[in-house]
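# Inside the fold
Given next are the chains, with one letter for each unit.
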Amino acid sequence: MNALANWLDSRTGFRAFVHEALYERIPGGARWRYVWGSTLVFAFFVQVVTGIALWMNYSPSAQTAWESVYYIQYQTTGGWLLRGMHHFMAQAMVVLLALHLMQVVIDGAYRAPREVNFWLGLILMQLVLGLSLTGYLLPWDQKGYWATRVATNLLSVVPYVGPPLQQLVVGGAEYGHHTLTRFFALHAGVLPGLLIGFLVVHVALFRRHGICHKQPAKSADTSFWPDQVLKDAVACLAVLVVVLVLCLRPGQWFSGEGVALGPQLGAELGAPADPANQYSAARPEWYFLFLFQFLKFFEGGGETGELMGAVVVPSLVMLLLFLMPIVGRWNLGHRFNVALLVILLGGIAYLTADAFFEDYQAAWTDGQQYTELQKTIDELGSDDEKIAAHFGDDPQKIAEYRRQLAAYERYRKSQDYLASVAKAEVDAHRAIELSSAPAGIPTAGAISLLRTDAKTQGPKLFAAHCASCHSYEKVAADAKALPAAVEAATAPNLYGFADRRWIAGLLSSHITGPQYFGKTAHAEGEMAGFVNDTMSSWERADIDKVVIALSAEAQLASQAASDQKDAALIEAGRELIVGEENCIMCHKFHDAGELGSAPDLTGYGSREWMIGMISNPNHARFYPDTNDRMPAFAEQEGDAPNNRLSQRTIGLIVDWLRGEWYEPGIEEAAGAREQPAAKPADQVPSDEPSAEESEKQEAEANAKPQASSEPEPSAEPGEKAPEQAAEPEAKPADETPAEPEARPAEEPGETPAEPASEPAPPESNEAPAEPSVEPAPER
Amino acid sequence: MSQARPQPSQPTSVPDANRRTFIAAVWAAVIGGIVAIVPAASALAVFLHPLRRQARGATFVRVTPIDALPDDGVPREFAIVAERVDAWNRSLEPVGAVYLRRLPGAEQPECLSATCPHAGCFVAFDGTSETFKCPCHNSAFALDGAIIQPSPSPRAMDSLECKVDGGEVLVKFEDFYTGRADKVVKQ
């Protein structure tokens, strides 16, 4: 052994090298204050190890980045831990950098002969920050995408070179594949390469000059090994423990969510990046928040202000840091440097805290205090004249009002931010849920799953297209009063449309209430008359049978079990429907009755029926002469350009109203119509397969390189629905108020609520739902 | 480095030696330069390629039937679905969003880009205060897109050209550089 070592030493001189590395003299003994550099090297080592493993599983492109990160996090063994360590160690590294810088400056270790090494350290700091910035984008989730947009847009404000520089970094004019490939090359190649190069020189110079020891020496000189190495190792262990604890998401322990397991831990993964999806929770990583907050200080500064805030001031600060060794030569230079550092770090801490406070204050502020003020604000707003008149020109009161108004605005802004964060979490959770479905992620990427998901799109589409007339509110059976949204709506509440409770309500005195036809022309129609005058004298059991039979036409997946069980009742109900003096007097029902005077009850409330109704309520099958105000959303067949909505979009609305979308573990639900969503892709209307859908289906067979992800040619209003979106333009209400029959409410209504689980009871306390009309099972 | 070279075995005059050293140095630099420049230039050419890449041509994109946009002066958000070329992919997909609004009685809608001219965040419309608010650095804009001061934004929201054709609203969707007082289209 020794002979081998001797031989190797004679060829390489490794003993001298090892000796030099381990037995560096530490004047005054090992100290804890010397550990920071070593912890940084350790942190970088962790980043390299975890980074290479991540690299082996990561795929940088717009359709695979999020997907591969999802796979690392949720499917690979311990992937969450690997990613968590990489994520939190990056943050730890920034903190350690700050500590190392403080130690160096306070100890005056930047002074001769160590100036160059100090500068190298600052360069290393820039490289680490660059690694953080580039790494933030790589998961290609909403958070990283929007933060990177802002960061790269700020780059473009640099005069002359800004725009081309931005284009080079982004890899073109738009964010996409090449943004990812470039950021990845920077993150995994260029920056770490430079970092290693500078680090080697940094450490070599450090060894050359020796440690800048703290005076007075506390004890005798020692050597690096083992005394200082022990201290360094303990410090590294502490760093690792902190990182591991952060991986366990300690925030959750206290939030009542309990401790999650496996993939729910580690680093977060947001919903896939979507340039057309409003993301109001966009924030940089916390250690860049001070820069983010700093930009707000340049209000009214215009272009110059932005340039100052984003580029000039941060560059000047860096310049001051670079000048420290030179400034330090003056008598008071060192004090100046220490003071500068304290001011800088203090400023950074203040701005960071300020940004947090601005975003989160609503979480701990009691909104009650603003209820009174809100009335005044509603009345006065920020209108100078009104304010002056209201406060009788009392400058003190006006100033007080202005102060309160500003506080209230900040509170509301924070509320909006928190709501956006919550919404982002819902989207992220859903994206992961859909990606974990047995069908997997299509080649078009996970974003296509969200875009074709009824649960995600339904509320947005409903708000945009339906909510100006309809409501969608679950009303508890024992509710004393109807929700305001239902009262305000001018068309039926579509929550649980066509399920047993809904039909039971329709076939009761509630028909003329606000949940059904109360605010429509049909309140005076023949159907309301028939229900109130004729059906009211029916046997309760007969009404139940009709309710069950009619609701069975909808083939709701949520009612499939009940429908199967109640086959006999359904049969009896059908006989009642086709009874001579009954429904078929006006309606068509399968082979009985005729179209023309009232909606077809064949397949009433089924997916196909609902799509038809929304597409064109004036069709002979629905309300050829008695449509109240419902617009035709797709008057022409298929996806004609003049149709308001595509078939796919209508299908999404219908699926959402029917509560049929993919839920983990529900695939095997006794199916009424085609399985609600064994595969998320099934939620796409099947009638008119969209380009994407067909591509998806053919994807495996044809091995198409990439299915275009959202082929719908017609733009639809994005998610956020203005209070009243697309106003259905009314057919004059007077047009045939005398309506032969029940109008199933058709267009969607109001206030997209949480997609319901069970059908709502039709109305307040006296829920007409009776014994046999049981609530549908939870979906 | 020329000093380090072994002396030639044959005695030569000093100017001669200097000339030989000089020529060798020039050749070394030239050849060394060539072997370094060729791969570097090739790398640089590809690195700079994005500068030559054109932005999405600004053509009019169909956004919505005009029927779906009531003339109540309230802005509504619409996704822009356009052909997008992302390196090797060409697809029809949402590329951004706009706000459309129609003033009472107006035939023609007004169109504003949803991208904040300050730093590019997605501006939200707040129905309560009837203003546009950027969720990032607190820029706020009036219904017509004008800046509400004090604001960090250097200009008003970007209006986009739009027209109505055959009952359809068409918008010329363009990206502009952010953070500037003037509206410059990204090329």
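Residues numbered from 1 in each chain as written. Chains lettered and ligands numbered in written order. Predicted model: local features only at pLDDT ≥ 70, side-chain atom pairs only at ≥ 80, totals over all residues. Heavy atoms only, no water.

Quick look at the overall build of chain B now. Check the secondary structure of chain B and you find 2 helices and 9 strands. Ordered by position from N to C terminus, the α and β elements of chain B give α-α-β-β-β-β-β-β-β-β-β. Over its C-alpha atoms chain B spans a radius of gyration of 30 Å, topping by over 25% the 16 Å that the globule rule assigns to 187 residues. Across its three principal directions, the C-alpha atoms of chain B cover 100 × 40 × 20 Å. For chain B, restricting intrachain contacts to residue pairs at least 6 apart in sequence, the fraction spanning at least 24 positions comes to 49%. (Helix = DSSP H or I, 4+ residues; strand = E, 2+ residues; numbered from the N terminus. Rg over C-alpha atoms; globule rule 2.2 N^0.38 Å. Contact = heavy atoms within 4.5 Å.)

This brings us to the packing of helix α4 (residues 65-74) of chain A against helix α5 (residues 79-106) of chain A. Residues and elements named next belong to chain A. Interaxial distance between α4 and α5 falls to 5 Å at its minimum, and their mutual angle equals 115 degrees. Judged on the interaxial angle alone, α5 and α4 are roughly perpendicular. Every residue of α5 that contacts α4 at Val69, Ile72 and Gln73 is listed here: Gly79, Trp80 and Arg83. Among the residues making up the contact of α4 with α5, the classes are represented as 3 nonpolar, 2 polar and 1 charged. (Axes fitted to C-alpha atoms, helices over the stretch in contact; angles between N-to-C directions. Parallel < 35°, antiparallel > 145°, perpendicular 65-115°, else oblique. Nonpolar A, V, L, I, M, F, W, Y, C, P; charged D, E, K, R; others polar.)

Residue and element names in this part refer to chain B. One pass over the structure, following the stated rule, counts 1 disulfide over all chains. Across the disulfide, Cys121 is cross-linked to Cys136 (sulfur-sulfur distance 2.1 Å). An S-S torsion of about -90 degrees defines the bridge between Cys121 and Cys136 as left-handed. Taken together, the residues Cys121 in the loop between β4 (110-113) and β5 (124-126) and Cys136 in the loop between β6 (131-133) and β7 (140-141) connect sequence positions 15 residues apart. (Disulfide = S-S within 2.5 Å.)

So, about the sheet that holds strand β1 (residues 60-65) of chain B. All names here are of chain B. A sheet is described by the order of its strands in space; here 3 strands give the open sequence β1-β9-β8, paired in antiparallel fashion. Only two strands of the sheet have a single partner each, and these edge strands are β1 and β8 (162-165). Taken over all neighbouring pairs, the strand axes of this sheet differ in orientation by 30 degrees on average, direction set aside. As paired strands, β8 and strand β9 (residues 168-172) are joined by 4 bridges and run antiparallel to one another. Bridge pairing in β9 links Cys162 to Val171. (Pairing = 2+ DSSP bridges.)

By the criterion of burial, β9 of chain B is predominantly enclosed, with 4 of the 5 residues buried. Here β8 of chain B folds back onto β9 of chain B, and the loop between the two strands holds 2 residues, one of which, Gly166 of chain B, carries a positive phi near 55 degrees. (Buried < 20%, exposed > 50% of the residue type's maximum accessible area, 1.4 Å probe, protein only.)

Once that is clear, we can look at α5 of chain A. Residue and element names in this part refer to chain A. Between its first and last C-alpha, α5 extends 40 Å over 28 residues, near the 40 Å set by a 1.5 Å rise per residue. Within α5, 20 of the 28 residues are buried, which leaves the element mostly enclosed by the surrounding structure. Directly beyond the C-terminal end of α5, a positive phi value near 65 degrees is found at Gly108. (Expected span 1.5 Å × (residues − 1).)

Residues and elements named next belong to chain A. Scanning all chains against the criterion turns up 39 salt bridges over all chains. Among the salt bridges present, the one from Arg283 reaches Asp359, with a minimum N-O distance of 2.7 Å. On the criterion of sequence distance, the pair formed by Arg283 in the loop between α11 (250-254) and α12 (289-295) and Asp359 in helix α14 (residues 333-364) is long-range, its members being 76 residues apart. For Arg430, the salt bridge goes to Glu433, with nearest N and O atoms at 2.6 Å. Residue Arg430 and its partner Glu433 are located together in helix α17 (residues 395-435), separated by 3 residues, close to a single helical turn. With a relative accessible area of 4%, Arg430 lands in the buried category. Sharing partners across several salt bridges, the network here consists of Arg430, Glu433, Asp453, Lys455 and Glu663. (Salt bridge = Lys/Arg side-chain N within 4 Å of Asp/Glu carboxyl O.)

This brings us to the packing of aromatic side chains. Residue and element names in this part refer to chain A. Within the structure shown, the criterion is met by 32 aromatic pairs over all chains. Summarising the aromatic geometry, the rings of Tyr70 and Tyr74 are spaced 5.4 Å apart at their centres and angled 20 degrees between planes, so their arrangement reads as stacked. Linking Tyr70 with Tyr74, this pair stays in helix α4, spanning 4 residues, or about one helical turn. With a centroid separation of 5.4 Å and 45 degrees between ring planes, the pair formed by Phe391 and Tyr401 is classed as tilted. Of the two residues, Phe391 is situated in the loop between α16 (384-390) and α17 and Tyr401 in helix α17; the sequence distance between them amounts to 10 residues. (Phe/Tyr/Trp six-rings, centres within 6.5 Å; stacked < 30°, edge-to-face > 60°.)

Bringing the confidence of the model for chain B into the picture now. Confidence along chain B averages 89 in pLDDT terms, with 91% of residues attaining 70 or more. As scored by the predictor, the complex reaches a pTM of 0.84 and an ipTM of 0.89. (pLDDT = per-residue confidence, 0-100.)

It is worth spelling out the sheet that holds β4 of chain B at this point. Residue and element names in this part refer to chain B. The 3 strands lie next to each other as β2-β3-β4, forming an open sheet whose pairing is antiparallel. Either end of the sheet is taken by a strand with one partner, and the two such strands are β2 (76-86) and β4. Within this sheet the neighbouring strands show an average axis-to-axis angle of 40 degrees, counted without direction. Of the strand pairs in this sheet, strand β3 (residues 89-101) and β4 are connected by 4 bridges, and their pairing is antiparallel. Across the sheet, Leu100 pairs through a bridge with Cys111, a residue of β4.

Taken together, Phe22, Ile23, Val26, Trp27, Val30, Ile31, Ile34, Val35 and Val38 of chain B make up a surface patch of nonpolar side chains, about 870 Å² in accessible area. Structurally, the position occupied by Val35 of chain B is in helix α1 (residues 14-47). (Patch = residues over 30% accessible without salt bridge, like charges linked within 9 Å, V, L, I, M, F, W, Y side chains within 5 Å. Areas by Shrake-Rupley, 256 points an atom, 1.4 Å probe, with all protein chains shown as cover.)

The interface is formed by 72 residues belonging to chain A together with 69 residues belonging to chain B. Across the chain A/chain B interface, buried area totals approximately 5,800 Å², and carbon plus sulfur atoms make up 49% of it. In this structure, the connection of chain A to chain B is made through 3 salt bridges. Its salt-bridge partner being Arg412 of chain A, residue Asp126 of chain B comes within 3.0 Å of it at the nearest N-O pair. Summed over the shared surface of chain A and chain B, the result is 18 residue pairs in polar contact (both at pLDDT 80 or more). Breaking the side of chain A that touches chain B down by element, the ones donating at least two residues are α7 (142-155), α8 (162-170), α9 (177-209), α12, α13 (302-327) and α17 of chain A. (Buried area = accessible area lost by both parts, 1.4 Å probe. Polar contact = N/O pair within 3.5 Å; in protein donor to acceptor, adjacent residues only side chain to side chain.)

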